[in-house]
Amino acid sequence: MVSKKWLKVVKRLHQKKYRNEESLFFVEGIKTVKELLATQLPLEKLLVTQEHRDAFNTYEFDIISKEDLAKISALRTPPGVLAVFQMPFKTEVEEKGWIVALDDVRDPGNLGTIIRLCDWFGVTQLVCSQATVDCYNPKVLQATMGSIARIAITYLDLPNFLSQTKATVYGAFMKGDVVYQKELPASGILVMGNEANGVSESVAKHITQKISIPQFGKATAESLNVATATAILLNEIRRG
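The structure contained in this document is the topic of the report that follows. (Residues numbered from 1 in each chain as written. Predicted model: local features only at pLDDT ≥ 70, side-chain atom pairs only at ≥ 80, totals over all residues. Heavy atoms only, no water.)

**Some remarks on the packing of aromatic side chains**
Consideration 1: Within the structure shown, the criterion is met by four aromatic pairs.
Consideration 2: Relative to Tyr59, the ring of Phe56 has its centre 6.5 Å away and its plane inclined at 50 degrees; by these criteria the two rings are tilted.
Consideration 3: Since its relative accessible area comes to 0%, Phe56 is described here as buried.
Consideration 4: Grouped by ring-pair contacts, the aromatic residues Phe25, Phe85 and Tyr136 constitute a single cluster.
Consideration 5: The ring of Tyr18 carries Arg12 above its face, with NZ or CZ at 3.9 Å from the centroid. (Phe/Tyr/Trp six-rings, centres within 6.5 Å; stacked < 30°, edge-to-face > 60°. Buried < 20%, exposed > 50% of the residue type's maximum accessible area, 1.4 Å probe, protein only. Lys NZ or Arg CZ within 6 Å of the ring centre and 35° of its normal.)

As structure tokens, then:
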């Protein structure tokens, strides 16, 4: 059975402060946990309820009761499997291919979806401003469906990074060149802005080219969701 120590550890990992201190994070659900077990991420602890033990019989795990799992889970209905992993080592941003940059994206669901999109479209590097939601937030991880292990994510001073890059920097704006009419290169940086305010002024001054997604319907929708816009733009990038 799981020790009280590990119940306390997981409970603390709900907070960003302790995740960073311990360099640990946790994920839940059979599919997501199995996705990460198949990667190079070091496993610290695997907790499984009795009914799911056969699904993980090739791994070393501790049995946890449904009652204890409910106390430490980030979900209203715990899926019966929780794993604690070590965070990957931080690496320098490698400026090759396409990079997605996020300017203060705050919604966990949006970030998780964007991580999945990067995985789908073969973008292996994601850079985030310091105010962007933590990628190890349990809600973000739930939305990534395991893609977190395949994307190198770096938090940095975004204006400073963009001021030093040699790559062409494209920014998503309401008013910009229509993306369908652009010839997009084989590499570059795609900047996506905050859900409410778009790309900040401090970042916008480092944008090389402003691009937009044209609106075909009635002008009643103010803007696209940032994750939806990212999907459309990455699709256009890969079409070229």
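**Comments concerning the environment of Phe56**
Consideration 1: Relative to the elements of secondary structure, Phe56 occurs in the loop between β2 (43-48) and β3 (62-63).
Consideration 2: Linking Phe56 and Arg12, residues 44 residues apart in sequence, is a C-alpha distance of 25 Å.
Consideration 3: Residue contacts for Phe56: discarding those within four places in its chain leaves Ile30, Val33, Lys34, Leu37, Leu46, Val48, Phe61 and Val81. (Helix = DSSP H or I, 4+ residues; strand = E, 2+ residues; numbered from the N terminus. Contact = heavy atoms within 4.5 Å.)

**Brief notes about helix α3 (residues 30-37)**
For the α-helix, the turn length of 3.6 residues means that residues three or four positions removed from each other point alike.
Consideration 1: Along α3, the residues that are buried comprise Thr32, Val33, Leu36 and Leu37. Looking straight down α3, one finds that the buried residues subtend no more than 135 degrees of arc, so they occupy a single side.
Consideration 2: Of the surrounding secondary structure, the elements contacted by the buried residues of α3 are β1 (24-28), β2 and β4 (81-86). (Arc of directions from axis to C-beta.)

**Comments concerning the sheet that holds strand β9 (residues 188-192)**
One key point about sheets: their strands pair by backbone hydrogen bonds, in either a parallel or an antiparallel sense.
Consideration 1: Taken in spatial order, the six strands of this open sheet run β7-β6-β5-β9-β8-β10, and their pairing is parallel. At either end of the open sheet lies a strand with only one pairing partner, and these are β7 (152-156) and β10 (209-212). Here the average twist between neighbouring strands, direction ignored, is 35 degrees.
Consideration 2: Strand direction decides the pairing type here: strand β8 (residues 169-178) and β10, joined by five bridges, are parallel. Bridge assignment links Tyr170 to a residue of β10, and that residue is Gln209.
Consideration 3: Sheet strands touched by helix α9 (residues 226-239): β5 (98-102), β8, β9 and β10. Its angle to β9, the strand with the most contacts, is close to 160 degrees. (Pairing = 2+ DSSP bridges. Axes fitted to C-alpha atoms, helices over the stretch in contact; angles between N-to-C directions.)

No statement about biological role is implied by the geometric values presented.
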